[in-house]
Amino acid sequence: MMSGILKEFYYGNLESQLRLIRGKSKLEEEIQLQNEAEVQLLQTLQDDEKAWFTKYIDTTHKINDASLLDCFLVGFRLGSKFTYDTFVSEEAPFSDFSID
């Protein structure tokens, strides 16, 4: 019988990034300020400046996406190493004292 999480993973039903921002949080305030600043900038910039600003925003998103993926992979690998060390590796400074 397939494990619940493995079945969900197989069918593509796991979405680790799908999260909501809590209302009235500091993050929500910062996002609102960022949105307001973007609207103000786009209203005051000339067309060629808007194009550069849009390019800046797009490349910033791409860099952030790559960085977030890297952090996810590094964290996942670290967790896997903890799991391996806990359940598979028996390396320790002392050997178990067992009566056979």
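Conventions and cut-offs
- Residues numbered from 1 in each chain as written.
- Predicted model: local features only at pLDDT ≥ 70, side-chain atom pairs only at ≥ 80, totals over all residues.
- Heavy atoms only, no water.
- Helix = DSSP H or I, 4+ residues; strand = E, 2+ residues; numbered from the N terminus.
- Rg over C-alpha atoms; globule rule 2.2 N^0.38 Å.
- Buried < 20%, exposed > 50% of the residue type's maximum accessible area, 1.4 Å probe, protein only.
- Lys, Arg positive; Asp, Glu negative; His and termini not counted.
- Charge placed at Lys NZ, Arg CZ, Asp CG, Glu CD.
- Phe/Tyr/Trp six-rings, centres within 6.5 Å; stacked < 30°, edge-to-face > 60°.
- Lys NZ or Arg CZ within 6 Å of the ring centre and 35° of its normal.
- Salt bridge = Lys/Arg side-chain N within 4 Å of Asp/Glu carboxyl O.

A. How the structure looks around the overall build of the protein chain. What the protein chain contains, in helices and strands, is 3 helices and 0 strands. Scanning the protein chain from its N terminus toward the C terminus, one meets helices and strands in the order α-α-α. In summary, the protein chain has a C-alpha radius of gyration of 24 Å against a globular reference of 13 Å for 100 residues, an excess of more than 25%. Seen along its three principal axes, the alpha-carbon backbone of the protein chain occupies a region of about 80 × 35 × 30 Å. The buried share among the 100 residues of the protein chain stands at 2%. Averaged over its 10 positive side-chain charges, the protein chain has a centre that lies 5 Å from the centre of its 18 negative ones.

B. Summary view of the packing of aromatic side chains. Across all of its chains, the model carries 2 aromatic pairs by this definition. When the centroid spacing of 5.0 Å and the interplanar angle of 85 degrees are considered together, the rings of Tyr10 and Tyr11 count as edge-to-face. Judged by its relative accessible area of 61%, Tyr10 falls in the exposed class. Overall, Tyr11 belongs to the exposed group, its relative accessible area being 52%. The ring of Trp52 is capped by Lys55, whose NZ or CZ atom sits 4.8 Å from the centre of that ring.

C. A look at the pattern of salt bridges. Under the criterion given, the structure shown has 1 salt bridge. Linking Glu30 and Lys26 is a salt bridge whose minimum nitrogen-to-oxygen distance equals 3.4 Å. You can see Glu30 and its partner Lys26 sitting in helix α2 (residues 26-44), 4 residues apart, about one turn around the helix. Note on Glu30: relative accessible area 38%, which makes it partly exposed.

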